[in-house]
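Here is how the chains run, residue by residue.
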Number of protein chains: 2
Amino acid sequence: MMNPSSSILLTDLYQLTMLQGYFEQEMFDTAVFEFFVRKLPPQRNFLMAAGLEQTLDFLENLHFTPEELDWLSASRHFSNAFVDYLAGLHFTGDVHAMPEGTIFFPNEPILRITAPLPQAQLVETRLINLLHFQTLIASKAARSVLAAPGKLLIDFGLRRAHGAEAGLLAARAGYIAGLNGTSTTLAGPLFDIPVYGTMAHSFVQAHEDEETAFEHFARAQPDNVVLLIDTYDTEIAAQKVVALAPRLREQGIAIKAVRLDSGDLAEHARRVRHILDEGGLREVHIFASGNLDEYALQAFNAAHAPIDGFGIGTHLDTSADAPHLDCAYKLQEYAGRARRKRSEGKATWPGRKQVYRIYDDNGRFAGDTLTLEGDPCAGETLIQPIMCNGQRLAPRPKLSETRRHASTQLARLPEPLHGLTSAPGYTVTVSQALHELATEVDRQHFTP
Amino acid sequence: MMNPSSSILLTDLYQLTMLQGYFEQEMFDTAVFEFFVRKLPPQRNFLMAAGLEQTLDFLENLHFTPEELDWLSASRHFSNAFVDYLAGLHFTGDVHAMPEGTIFFPNEPILRITAPLPQAQLVETRLINLLHFQTLIASKAARSVLAAPGKLLIDFGLRRAHGAEAGLLAARAGYIAGLNGTSTTLAGPLFDIPVYGTMAHSFVQAHEDEETAFEHFARAQPDNVVLLIDTYDTEIAAQKVVALAPRLREQGIAIKAVRLDSGDLAEHARRVRHILDEGGLREVHIFASGNLDEYALQAFNAAHAPIDGFGIGTHLDTSADAPHLDCAYKLQEYAGRARRKRSEGKATWPGRKQVYRIYDDNGRFAGDTLTLEGDPCAGETLIQPIMCNGQRLAPRPKLSETRRHASTQLARLPEPLHGLTSAPGYTVTVSQALHELATEVDRQHFTP
């Protein structure tokens, strides 16, 4: 079996048909491609870069297995000489990128590949697939982090994520952006992300009565007693929790929280808070879930709903209000000459680029400049060398460090961009040098 | 390494915390869970079931590896006795389901699991993850099939699909629904789906001029000459194609099609068609791509745009206008007693269910009845036995057969449901027997 999550055939067929053309014409010179987002979705004020580590893993492991080569031969699209060439192909290029967790804006490349043309071309599809999705989700998750300061936020999205990899990588991207953890168990061992989990309605339903279900669960998970109280009637269940608490206390078990999952969550939370407080359970937290997103979290915050934490699932893992980004991976230079696509509405800035960022007196972002690498500008450079000749330049950063970087970025984000609706844009200046190069490329192309 | 696409830890942690409760209470009786969609997204008139085969693969392979068990032990959430129990766990239950490609409506279960409670519970997350996504995409793809009759339709979505599995399974679900193929190479060897691919803008950009790029590509792929003509100026490129054709013809190479990827596609198609026809290239097809969805296809159809085929990518693979379904996998019976969740807005119909469908004189769907298994009704039964005691009852159907079934279903779909906007609903009658059981379950529960 070919590996469904790591096969090099996880690519558009046209990468391979083009590669055969490059191979036949011996077009092996150095190509420079950059990945960037063309524009923000209507509901976004910024984006957060993520997915670089998985992209590097992909580049490091790039190779064709004998089985994959056999399939390509049998497909009759490709010559034997070309398939032999593929058998020896590895990634030997350079990578420059913004670190994961960096906030960025349209037209700013977050990753650059510099490699022999066939390599740089071949990686396009999976590279976009990896960078697009995690950037999409980190950018979405950051909005919940901004909308619900101080709340416990857990990713609950695996079941409605688009497949296994989406669920896993959404847990990772969400954690980078500032969520506290995930319900996806495998994200624990794979990424060292805190994993949370308690009970579903089926646990309550499978018991003859709710009280017994609660007691059985508390005994099975004495350090993790979070009781789901909306299976039948939320407030009646809250009263059962109050009645159960002393009996559990005798066994040395403390109830940590209750979870609400349906109905008017703010209103139920107020009533349940009252019942718990009256019952002497002031220390029991209220956790809410059920079709939540950052807009709901903001509304709960505004209404001072007594909810201590949230499970956010489907809307986060599918980035439901903006399920894709208008992103691209484009050839900017080949064989030492800058290149530019001019398709209507999709023209690109040519050449190898750098992004400079300046800060105001409070350390907040005050503007970016997009320019050519080597054109010195004021500010911090956001794009850094990451891989050279196919080798990482530094050990893999800990996910906790990446998460801290993202947190610092959010703290430095200008206040007007914290909102959930579209704010006046952040200033990204395109340098004179870049304008001049674009004009030069067009002139060369149209008057050869 | 745990396998990121098949580990049993691809599940919500709460499945395992609940399982420990079931284990301690020896709740091993038979449970019945059903998967269904609660309601249609606003833009959908029907859904198409998909994902069953991957779900069966998952059930057949269900087991814990020593490494996974070690991680669970080390997590301190679980007792040693429980982890030992997990070491022996396999799926030994029954599966009933609608065949893939079947059209269904809200509240109709498309899959039922009958198994010892811990097994039926444990599989929830991944089962939803698999059924939800492919059903989402098959339902989306079917709309393009209905909107563009007779056109060649190719999935182009891998790069912006949510991860590798999403890209692969979207290719599969789209093909079931009636697309002609995909650009995702791996879908060829894994699922025997026709794979299509030609060239990207970078191929043109990497060459010094467009004519040379076209000629090089044609020589490299003489049986598959589809030329992308929008990198600089679409109509000028079309004229270059006309000029190139005789030279290629001398070499025995025929140009199959040109591809448009930006600008006003219908208008460009008209102008390019004119240029090609005037140049004697009436047999060269026009293929279009670029941010397309079924709404765009319908508009091209209405405008009689001379486009012969379409690549549909991002909007298809993310189901962009409805990126998730309100679906659930709910306990309907345990230990011989029907169960029902009554949460606000999320109440379920209890018991093991069957769906009967009747047809009008033209063979079109004329109404469904949702009732209890064993309650005979008029019509065809849609839910069939698929797996017994953990074993498939029939060999895996060929994907081409599944695709034919889907095609027949679409042909039998009532005409008013073919549209892209919301139509008056299809009639699904809930039987008297089911109403009575729900009342009975509520009565038992609230007056014990």
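Residues numbered from 1 in each chain as written. Chains lettered and ligands numbered in written order. Predicted model: local features only at pLDDT ≥ 70, side-chain atom pairs only at ≥ 80, totals over all residues.

### Some details on the nonpolar core
- Counting residues in hydrophobic clusters, the biggest one holds 288 residues, and the most contacted among them are Ala 177, Leu 227 and Val 241 of chain A together with Ala 177, Leu 227 and Val 241 of chain B.
- Those residues in contact with Val 241 of chain A that lie beyond four places of it in its chain are Phe 214, Leu 227, Ile 229, Ile 255 and Val 258 of chain A. (Core = buried A, V, L, I, M, F, W, Y, C linked by C-beta atoms within 7 Å. Buried ≥ 20, exposed ≤ 12 C-beta atoms within 10 Å, placed from the backbone. Contact = placed C-beta atoms within 7 Å.)

### Some remarks on the sheet that holds strand β6 (residues 152–155) of chain A
Residue and element names in this part refer to chain A.
- Strand order in the open sheet formed by six strands is β7-β6-β11-β10-β9-β8, with parallel pairing between adjacent strands. Strand pairing shows two members of the sheet lacking a second neighbour, β7 (181–182) and β8 (226–228), which therefore form its edges.
- Bridging between β8 and strand β9 (residues 257–260) involves three bridges; their strand directions are parallel. Following the sheet pairing, Val 226 is matched in β9 by Ala 257. (Pairing = 2+ DSSP bridges. Helix = DSSP H or I, 4+ residues; strand = E, 2+ residues; numbered from the N terminus.)

### Notes on the relation of the copies chain A and chain B
- Superposition record for chain A on chain B: RMSD 0.0 Å, screw rotation 180°, translation along axis 0.0 Å. In short, the pair behaves as if placed about a two-fold rotation axis.
- Comparing interface residues between copies, 98% of those in chain A also lie at the interface in chain B; the contact surface is shared. (Least-squares fit on C-alpha atoms with pLDDT ≥ 70 in both.)

### So, the domain arrangement of chain A
- Considered domain by domain, chain A is made up of domain 1 (13–138 + 324–446) and domain 2 (198–288).
- If you average the C-alpha positions of domain 1 of chain A and of domain 2 of chain A, the two centres end up 48 Å apart. (Domains from an automatic or database assignment.)

### Some remarks on unusual backbone geometry
- A positive phi angle, close to 65°, is found at Arg 76 of chain A, a residue other than glycine.
- Mapped onto the elements of the fold, Arg 76 of chain A is located in the loop between α3 (66–74) and α4 (80–87).
- C-beta crowding within 10 Å serves as the criterion here: with 9 such atoms nearby, Arg 76 of chain A is assigned to the exposed category.
- Look at Asn 389 of chain B: it is not a glycine, yet its phi comes out positive at around 50°.

### What about the interface of chain A and chain B?
- With 87 residues of chain A in contact, the opposing surface of chain B contributes 86 residues.
- Only α1 (13–24), α5 (117–122), α6 (124–147), α7 (164–177), α8 (187–191), α9 (201–206), α10 (210–220) and β12 (326–334) of chain A provide two or more residues apiece to the side of chain A that touches chain B.
- The element contributing the most residues to the side of chain A that touches chain B is α1 of chain A, with eight residues.
- Residue composition of the side of chain A that touches chain B, by class: 37 nonpolar, 36 polar and 14 charged. (Nonpolar A, V, L, I, M, F, W, Y, C, P; charged D, E, K, R; others polar.)

### Observations regarding the pairing of strand β15 (residues 365–372) of chain B
All names here are of chain B.
- With seven bridges connecting them, strand β14 (residues 353–359) and β15 associate as antiparallel partners. Residue pairing in the sheet places Val 355 in a bridge with Leu 370 of β15.
- Here β14 hands over to β15 after five residues, with Gly 363 in that stretch at a positive phi of 80°.
- Relative to strand β19 (residues 428–430), β15 runs parallel, the two being bridged by three bridges. Residue pairing in the sheet places Leu 370 in a bridge with Val 430 of β19.

### Topic: the sheet that holds strand β5 (residues 111–116) of chain A
Residues and elements named next belong to chain A.
- Spatially, seven strands are ordered β13-β12-β1-β5-β3-β17-β18 in an open sheet, and the strand pairing comes out antiparallel. The sheet terminates laterally at β13 (337–338) and β18 (391–392), the two strands that pair on one side only.
- With respect to the sheet, α6 is in contact with β1 (30–39), β5 and β12, its orientation differing from that of β12 by roughly 135°. (Axes fitted to C-alpha atoms, helices over the stretch in contact; angles between N-to-C directions.)

### Brief notes about the confidence of the model for chain A
- On average, residues of chain A score 96 in pLDDT, and 99% of them reach the 70 mark or higher.
- Across the whole predicted complex the pTM is 0.97, and at the interface the ipTM reaches 0.97. (pLDDT = per-residue confidence, 0-100.)

### Thoughts on the environment of Ala 266 of chain A
All names here are of chain A.
- As for its placement among the helices and strands, Ala 266 is situated in helix α12 (residues 265–278).
- With 18 C-beta atoms counted inside 10 Å, the residue Ala 266 sits in the partly exposed group.
- It is 59 Å that separates the C-alpha atoms of Ala 266 and Asp 70, two residues lying 196 residues apart in sequence.
- Once you skip the residues sitting within four places of it in the chain, Ala 266 turns out to touch Phe 300, Ala 303 and Ala 305.

### Some thoughts on helix α12 (residues 265–278) of chain B
All names here are of chain B.
- Compared with an ideal rise of 1.5 Å per residue, which puts 14 residues at 20 Å, α12 spans 20 Å between its outermost C-alpha atoms and is within 8% of the ideal.
- Of all the residues in α12, the buried ones are Leu 265, His 268, Ala 269, Val 272, Arg 273, Ile 275 and Leu 276. Projected down its long axis, α12 shows its buried positions confined to an angular sector of 165°, all on one face. (Expected span 1.5 Å × (residues − 1). Arc of directions from axis to C-beta.)

### Re the pairing of strand β6 (residues 152–155) of chain B
Residue and element names in this part refer to chain B.
- Both β6 and strand β11 (residues 309–312) contribute to a ladder of four bridges, which runs parallel. Looking at the pairing, Ile 154 lines up with Gly 311 of β11.
- In this sheet, strand β7 (residues 181–182) lies alongside β6 in parallel orientation, the contact comprising two bridges. Each bridged residue has a counterpart across the sheet, and for Asp 155 the counterpart in β7 is Thr 182.
- At this point the chain moves from β6, through helix α7 (residues 164–177), to the parallel β7, and the crossover so formed is right-handed. (Right-handed = clockwise from strand over helix to strand, strands pointing away.)

### Some details on the packing of helix α2 (residues 52–60) of chain B against helix α6 (residues 124–147) of chain B
All names here are of chain B.
- Direction vectors running N to C along α2 and α6 enclose 160°, while the axes themselves pass 8 Å from each other. With respect to α6, the axis of α2 lies roughly antiparallel. The chirality of how α2 crosses α6 is right-handed. The residues of α6 that touch α2, namely those facing Gln 54, Thr 55 and Phe 58, are Arg 126, Leu 127, Leu 130 and Leu 131.
- Class assignment of the residues belonging to the contact of α2 with α6 gives a composition of four nonpolar, two polar and one charged. (Parallel < 35°, antiparallel > 145°, perpendicular 65-115°, else oblique. Left-handed = near helix turned anticlockwise from the far one by under 90°.)

### Some points on the environment of Asp 70 of chain B
All names here are of chain B.
- Assignment of secondary structure puts Asp 70 in helix α3 (residues 66–74).
- By C-beta crowding, Asp 70 is classed as partly exposed, having 13 other C-beta atoms within 10 Å.
- With 13 residues separating them in the primary sequence, Asp 70 and Val 83 have C-alpha atoms 8.6 Å apart.

### What about α6 of chain A?
- Here α6 of chain A spans 35 Å end to end across 24 residues, near enough to the 34 Å set by a 1.5 Å rise per residue.
- Summarising burial for α6 of chain A: 24 of the 24 residues are buried, a large majority.

### Looking at the environment of Ala 254 of chain A
- Tracing the backbone shows Ala 254 of chain A in the loop between α11 (234–250) and β9.
- Along the sequence, Ala 254 of chain A and Gln 134 of chain A sit 120 residues apart, while their C-alpha atoms lie 38 Å from each other.

### Description of the packing of α6 of chain B against α7 of chain B
All names here are of chain B.
- Where α6 meets α7, the closest approach of the two axes is 8 Å, and the angle between their N-to-C directions is 45°. Looking at the two axes, α6 sits oblique to α7. Crossing of α6 against α7: the hand is right-handed. On the side of α6, the interface is formed by Phe 133, Gln 134, Ile 137, Ala 138, Ala 141, Ala 142 and Val 145, while α7 contributes Ala 166, Leu 169, Ala 170, Arg 172, Ala 173, Gly 174, Ile 176 and Ala 177.

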